Every structure is written in C-alpha cells, then in structure tokens.
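Structural description and commentary
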Amino acid sequence: MLNPLAIVLAAIVNPPAIVLAAVATLLMVLITSVRGTGWEPTTDISDEVLEHRASAVPETEFPEPGNRAVGGGGGGGGAIPAGGAEGEEGELEEGGTASAGPGDIPEDEVEYFEVEFVKQGETVELSNDEPILDQGEDEGWDLPYACRQGQCVSCAGRIADGPSGDFVEHDNQQMLEAAEIDDGYTLTCVAYPRDSFSIETGEAP
C-alpha cells in the first residue's frame with residue numbers, strides 16, 4: 001500500500017504539476033481582471049443637493065451677518081431692550097400688553113431739544129419721539145445708514161459732550177459696546193433725543 005505522505009511529496013516535487021497549478025492560477029486572475037467585479041461608483045449628487053437647498057431658502061436683500069459694517073450681529077454690550085431702560089409696557093387693542101419703545105410718547109408729552117449737526121453746520125430742534133436719522137432726513141440731509149434697525153454701524157455718529165446715553169435713548173441697538181457708548185457713539189437710526197447736544201454724523205467706532 002502506498003504511503004499518502006509519499007504521494008503528496010511526489011506531487012509537490014513534480015515540476016509539471018507545479019507549472020500547471022501556476023498557469024491555472026494566472027489564468028483565473030486574468031479572467032477576473034478582464035471581467036471586473038461589476039462594482040460601479042455611485043453618482044455624485046452633492047451639486048444637485050446644494051442647488052435644491054439653495055432654491056428652498058428664500059432670498060433676502062439684507063446682507064449676511066458677521067461684520068459691524070453692515071448686518072453684523074453680536075456686539076451689544078450696551079444694548080438696551082426694546083421696552084426702554086425701564087421696560088415700560090403699553091396696552092394692545094385686544095387687551096394684552098406689549099413693550100413700548102422710546103418713541104411711544106403721548107402727543108402732549110413730546111419734547112423738543114436743540115441738536116447741532118456739526119458736519120451739516122446747522123442746529124435744529126428735534127423731538128423726542130422720532131430717531132435722529134429720520135429727523136435729519138426730514139431736514140433734507142443725506143445721512144448714512146443701512147439696516148435702520150440698530151444691527152450695523154453704518155448710521156453711527158458721535159456726541160462729543162460725553163456718554164451718548166446721557167443725551168439719547170436707544171431702541172434695542174445691538175452693535176455698540178458699553179465703552180463705545182461711554183465714548184459718545186450712538187446709532188442714529190434707533191437713537192431718540194433726551195437732551196440738547198452736538199453730533200457728528202458718519203462717525204463709527
């Protein structure tokens with residue numbers, strides 16, 4: 001009876017068998033390479049997704065936030081809430097309450113103050129129920145502005161006589177820090193006169 005070990009050894013040392021096995025292996029590798037695996041990469045739809053998202057977001061004319069020139073948010077170290085410094089409240093017609101802004105003053109309580117516009121070279125009377133910017137435009141002056149909501153510094157001016165908080169009341173300004181207000185800066189689009197003063201418009205911190 002033949003020894004199985006001897007048969008295996010004979011097959012291993014048999015050069016024709018080794019060559020035949022190598023040829024068969026190379027042939028299988030070649031066939032697999034030619035035919036491929038059948039895998040295909042998925043289609044890149046990132047551009048399509050971005051276009052779809054862009055079409056779903058409504059367009060606005062307001063600039064992107066992020067800087068103090070136009071449309072920036074944040075800042076606000078000296079921000080005053082919409083209800084004024086003391087959070088006054090006004091009545092709604094339905095009986096509810098809403099925050100009253102610094103311009104919500106009864107007609108019989110409106111006061112006027114002498115305000116010198118240094119760059120315009122004129123002194124005019126401003127009422128305490130409208131922002132400086134609006135009343136300056138009523139005088140025919142082309143004053144700088146952008147958002148008209150206290151969210152940028154395009155309309156900024158400087159009151160040289162001291163902290164602007166001593167002379168105006170801001171309606172929810174969001175850009176000036178407390179130190180800048182102390183240095184006399186104000187946002188004319190949301191600043192309501194509370195005393196007489198001199199202001200240089202177009203002066204940003």
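See the structure above.
Computed from a prediction, not measured in an experiment: that's the story for all the values here.

1. Section: unusual backbone geometry
- Unlike most non-glycine residues, Arg148 shows phi in positive territory, near 60°.
- Counting through the fold element by element, Arg148 comes out in the loop between α4 (132–138) and β5 (156–159).
- Non-glycine residue Asn172 carries a positive phi angle of around 60°.

2. Quick notes on the packing of aromatic side chains
- If you walk through the whole model with that rule in mind, you get two aromatic pairs.
- Positioned above the aromatic ring of Tyr145, the side-chain terminus of Arg148 is 4.4 Å from the ring centre.
- Sitting over the ring of Tyr185, Arg158 keeps its end group 5.6 Å from the ring centre.

3. Comments concerning the sheet that holds β5
- A sheet is described by the order of its strands in space; here five strands give the open sequence β4-β3-β9-β5-β7, paired in mixed fashion. Each edge of the open sheet is held by one strand with a lone partner, namely β4 (122–127) and β7 (185–187). Direction aside, neighbouring strands of the sheet carry axes that sit 40° apart on average.
- As paired elements, strand β3 (residues 112–117) and strand β9 (residues 197–201) share three bridges and run parallel to each other. For Phe117, the partnering residue across the bridge sits in β9 and is Ile199.

4. Observations concerning a negative patch on the surface
- On the surface, Asp44, Asp47, Glu48 and Glu51 cluster together to form a negatively charged patch.
- Considering the arrangement of structural elements, one finds Glu51 in helix α3 (residues 46–56).
- In this structure Glu51 comes out as exposed when scored by relative accessible area, which is 58%.

5. Some words on the nonpolar core
- The biggest cluster of nonpolar side chains holds 24 residues, and the ones touching the most others in it are Phe117, Ile132, Val168, Leu187, Phe197 and Ile199.
- Breaking this core down by element, the ones donating at least two residues are β3, β4, α4, β5, β7 and β9.
- If sequence neighbours within four positions are ignored, Ile132 has contacts with Phe117, Leu126, Val168, Thr188, Ala191, Pro193, Phe197 and Ile199.

6. Notes on a nonpolar patch on the surface
- A cluster of nonpolar side chains, Leu27, Met28, Leu30 and Ile31, forms an exposed patch at the surface whose accessible area comes to about 400 Å².
- Turning to its location among the elements, Ile31 is positioned in helix α2 (residues 15–35).
- Judged by its relative accessible area of 38%, Ile31 falls in the partly exposed class.

7. Re the pattern of salt bridges
- This structure, assessed with the given rule, holds five salt bridges.
- Here Arg148 ties to Glu137 by a salt bridge, and the two come within 2.9 Å at their closest N and O atoms. Taken together, the residues Arg148 in the loop between α4 and β5 and Glu137 in helix α4 connect sequence positions eleven residues apart.
- On the basis of relative accessibility, which here comes to 31%, the residue Arg148 falls in the partly exposed class.
- Here the salt bridges share partners, and the residues they tie into one network are Asp134, Glu137 and Arg148.

8. Overview of the state of the cysteines
- This structure, assessed with the given rule, holds zero disulfides.
- Counting only cysteine sulfurs, Cys189 is the nearest neighbor of Cys155, a cysteine outside any disulfide, at a range of 3.6 Å.
- Cys155 gets classed as buried once you look at its relative accessible area, which sits at 4%.

9. Focus on the pairing of β9
- The buried count for β9 comes to four of five residues, which makes it a mostly enclosed element.
- The pairing of β5 with β9 spans three bridges and is antiparallel. Paired with Ile159 across the two strands is Ile199, which belongs to β9.

10. Regarding the pairing of β3
- Covered by surrounding structure in β3 are Phe113, Val115 and Phe117 only, the residues Tyr112, Glu114 and Glu116 on the alternate face being uncovered.
- Direction of pairing for β3 relative to β4: antiparallel, over a ladder of six bridges. Looking at β4, one finds that Phe117 is bridged to Glu122.
- Taking the residues between adjacent antiparallel strands as the criterion, β3 and β4 are bridged by four residues, where Gly121 takes a positive phi near 70°.

Cut-offs used in this document
Residues numbered from 1 in each chain as written. Predicted model: local features only at pLDDT ≥ 70, side-chain atom pairs only at ≥ 80, totals over all residues. Heavy atoms only, no water. Helix = DSSP H or I, 4+ residues; strand = E, 2+ residues; numbered from the N terminus. Phe/Tyr/Trp six-rings, centres within 6.5 Å; stacked < 30°, edge-to-face > 60°. Lys NZ or Arg CZ within 6 Å of the ring centre and 35° of its normal. Pairing = 2+ DSSP bridges. Axes fitted to C-alpha atoms, helices over the stretch in contact; angles between N-to-C directions. Patch = residues over 30% accessible without salt bridge, like charges linked within 9 Å, V, L, I, M, F, W, Y side chains within 5 Å. Areas by Shrake-Rupley, 256 points an atom, 1.4 Å probe, with all protein chains shown as cover. Salt bridge = Lys/Arg side-chain N within 4 Å of Asp/Glu carboxyl O. Lys, Arg positive; Asp, Glu negative; His and termini not counted. Charge placed at Lys NZ, Arg CZ, Asp CG, Glu CD. Buried < 20%, exposed > 50% of the residue type's maximum accessible area, 1.4 Å probe, protein only. Core = buried A, V, L, I, M, F, W, Y, C linked by side-chain atoms within 4.5 Å. Contact = heavy atoms within 4.5 Å. Disulfide = S-S within 2.5 Å.

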